Amino acid sequence: GVSSAEEREKERECKIKEGMTVLVSLLCSMLRNTRTPSSKCTCIRLLCECGMYCDDERKLQHIVPYLLSMVNQSPTIVRSMALSALTEILESVRELPESEEKVFS
């Protein structure tokens, strides 16, 4: 019936979020350790894309800090890419978790 289809869809979404959470952790690690601007830009783009499937708390606690650290990097292309990704991630946040209220108030 309809409820079993809805349950399967929710389960599928949950699995996607779990998988993206693992990818986000991996990409954050890679971003921290990569050296070339092109590699950093690729990591930033992938981090932003994967981040769209994560919950708001993951976005604010993991992705935003890494992108903010890249905004302070010297190559202009990295700063530009990080700022663009940061804008996309923050625009996608729908609900501010209680743990983040003080930061954004």
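See the structure above.
Nothing here was measured: the structure is a model prediction, and the numbers come from that model.

On to the pattern of salt bridges. What the rule picks out here adds up to 3 salt bridges. A salt bridge links Glu 9 to Arg 12, with the shortest nitrogen-to-oxygen separation between them at 3.5 Å. Taken together, the positions of Glu 9 and Arg 12, both in helix α1 (residues 2-33) and 3 residues apart, correspond to about one turn of that helix. For Arg 12, a relative accessible area of 47% corresponds to the partly exposed category.

The next thing to look at is the packing of helix α2 (residues 37-51) against helix α3 (residues 56-71). The N-to-C vectors of α2 and α3 enclose an angle of 155 degrees; their axes lie 11 Å apart at closest approach. Taken together, α2 and α3 sit at an angle that is classed as roughly antiparallel. As for how α2 packs across α3, the hand of that crossing is left-handed. Contacts between α2 and α3 involve Lys 40, Ile 44, Leu 47 and Gly 51 from the former and Lys 59, Ile 63, Leu 67 and Met 70 from the latter. Grouping the constituent residues of the contact of α2 with α3 by class yields 5 nonpolar, 1 polar and 2 charged.

As a further point, take a nonpolar patch on the surface. Together, Leu 23, Leu 26 and Met 30 make up an exposed nonpolar region whose accessible area comes to about 260 Å². Position of Leu 26 among the secondary structure elements: in helix α1. By relative accessible area, which is 48% here, Leu 26 ends up partly exposed.

Here we take up the side chain of Thr 34. Its place among the elements puts Thr 34 in the loop between α1 and α2. Its relative accessible area of 15% is what places Thr 34 among the buried residues.

So, on to the side chain of Lys 40. Here Lys 40 lies in helix α2. In this structure Lys 40 is buried but unpaired, with Glu 88 as the nearest side chain of opposite charge at 19 Å. Once residues lying within four places of it in the same chain are set aside, the contact partners of Lys 40 are Leu 31, Thr 34, Arg 35, Met 70, Gln 73 and Val 78.

About the thresholds
Residues numbered from 1 in each chain as written. Predicted model: local features only at pLDDT ≥ 70, side-chain atom pairs only at ≥ 80, totals over all residues. Heavy atoms only, no water. Salt bridge = Lys/Arg side-chain N within 4 Å of Asp/Glu carboxyl O. Helix = DSSP H or I, 4+ residues; strand = E, 2+ residues; numbered from the N terminus. Buried < 20%, exposed > 50% of the residue type's maximum accessible area, 1.4 Å probe, protein only. Axes fitted to C-alpha atoms, helices over the stretch in contact; angles between N-to-C directions. Parallel < 35°, antiparallel > 145°, perpendicular 65-115°, else oblique. Left-handed = near helix turned anticlockwise from the far one by under 90°. Contact = heavy atoms within 4.5 Å. Nonpolar A, V, L, I, M, F, W, Y, C, P; charged D, E, K, R; others polar. Patch = residues over 30% accessible without salt bridge, like charges linked within 9 Å, V, L, I, M, F, W, Y side chains within 5 Å. Areas by Shrake-Rupley, 256 points an atom, 1.4 Å probe, with all protein chains shown as cover. Lys, Arg positive; Asp, Glu negative; His and termini not counted.

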